[in-house]
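Residue-level structural notes
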Amino acid sequence: MRYKNITKAKFIRRVNRFVAEVSLDGETEVVHVKNTGRCRELLIPGCEVWLTAPGTPDRKTKYDLVAVRKSDGVLYNIDSQAPNKVVKEWLDKQDYTKVIPEYTYGDSRIDFYMEKVDSGGKIEKYLMEVKGCTLEIDGIGYFPDAPTERGVKHIRELIKAREAGYGTALAFVIQMAGVSEVRPYIDMQPEFGEAMEDAKKAGVDIIFYKCHVEPDSLEIVD
């Protein structure tokens, strides 16, 4: 997944969940933050950030803030839409005969529905829910960094789908280098940890997608 244009800036402050101020060419620019998580350990005044200008007509802000370099030098992609885009690229390279994003199952809209044909000619059905991980503590990724009732609901839906015979997966896209595992951040939301543990017991696959991050791109590498 690659951004068509990218501009480097310096972070000033976060105004609210959706808006931040940055310094660009010596001027203060109001930008859209493409991540509603808290990102408190990332978006620190003075840090390097990268912006992209989608060029959408009638926008209130010209730029989206999509990447940040942490104080330890590691580059993070914090675009909450990027994980689904790179997973779609990844799935399209696998041996699925069908990949459908935003698939309605039960009372939820699951990120991906896939099909493949087994050696006996039978169609196998899969559901995958994708989460982007931008929180790292001591080399381990954690999710969520803000409460997500929707996330818990979707895990419960995956458990039901698994019981109904679907192949199911909860996939974490790790949006930084140097991390290969994601754990539930139970200090933030114990219910997510409980749901994730129940999913593992039910046979839902837990997948960690490791990524290569550049200011203008994100790519699953393993």
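**Structural notes on the packing of aromatic side chains**
For the structure shown, the criterion picks out eight aromatic pairs. Aromatic pair Tyr103 and Tyr113: ring centres 4.4 Å apart, planes at 15 degrees, arrangement stacked. Of the two residues, Tyr103 sits in strand E7 (residues 98-105) while Tyr113 sits in strand E8 (residues 108-117), which places them 10 residues apart along the sequence. Taking relative accessible area as the criterion, Tyr103 reaches 24% and is therefore assigned partly exposed. Looking at Tyr113, the relative accessible area reads 4%, which means it is buried. An aromatic cluster of at least three residues, connected via ring pairs, comprises Phe143, Phe172, Phe192 and Phe208. When the ring centre of Tyr96 is taken as origin, the NZ or CZ atom of Lys116, which lies over that ring, is 4.7 Å away.

**Considering the environment of Ala161**
Mapped onto the elements of the fold, Ala161 is located in helix H2 (residues 149-163). With relative accessibility at 0%, the residue Ala161 sits in the buried group. C-alpha of Ala161 to C-alpha of Lys125: the two residues are 36 residues apart in sequence and 9.9 Å apart in space. Among residues more than four places away in sequence, those in contact with Ala161 are Tyr105, Leu127, Tyr166 and Thr168.

**Concerning the nonpolar core**
Ranked by size, the top nonpolar core spans 42 residues in total, and within it Leu43, Val49, Leu51 and Leu65 carry the most contacts. It is H2 that provides the largest number of residues to this core, a total of five residues. Counting residues in hydrophobic clusters, the runner-up holds 24 residues, among them Met1, Val86, Met114 and Met128.

**Here we look at the sheet that holds strand E13 (residues 182-184)**
Within a sheet, neighbouring strands are paired by backbone hydrogen bonds and run either parallel or antiparallel to one another. Spatially, three strands are ordered E10-E11-E13 in an open sheet, and the strand pairing comes out mixed. Of all the strands in the sheet, just strand E10 (135-137) and E13 have a single pairing partner and so form its edges. Mean inter-strand twist for the sheet, computed between neighbouring axes without regard to direction, equals 45 degrees. The pairing of strand E11 (residues 140-143) with E13 spans three bridges and is classified as parallel. By the bridge assignment, Phe143 is partnered in E13 with Pro184.

What counts, and at which threshold
- Residues numbered from 1 in each chain as written.
- Predicted model: local features only at pLDDT ≥ 70, side-chain atom pairs only at ≥ 80, totals over all residues.
- Heavy atoms only, no water.
- Phe/Tyr/Trp six-rings, centres within 6.5 Å; stacked < 30°, edge-to-face > 60°.
- Helix = DSSP H or I, 4+ residues; strand = E, 2+ residues; numbered from the N terminus.
- Buried < 20%, exposed > 50% of the residue type's maximum accessible area, 1.4 Å probe, protein only.
- Lys NZ or Arg CZ within 6 Å of the ring centre and 35° of its normal.
- Contact = heavy atoms within 4.5 Å.
- Core = buried A, V, L, I, M, F, W, Y, C linked by side-chain atoms within 4.5 Å.
- Pairing = 2+ DSSP bridges.
- Axes fitted to C-alpha atoms, helices over the stretch in contact; angles between N-to-C directions.

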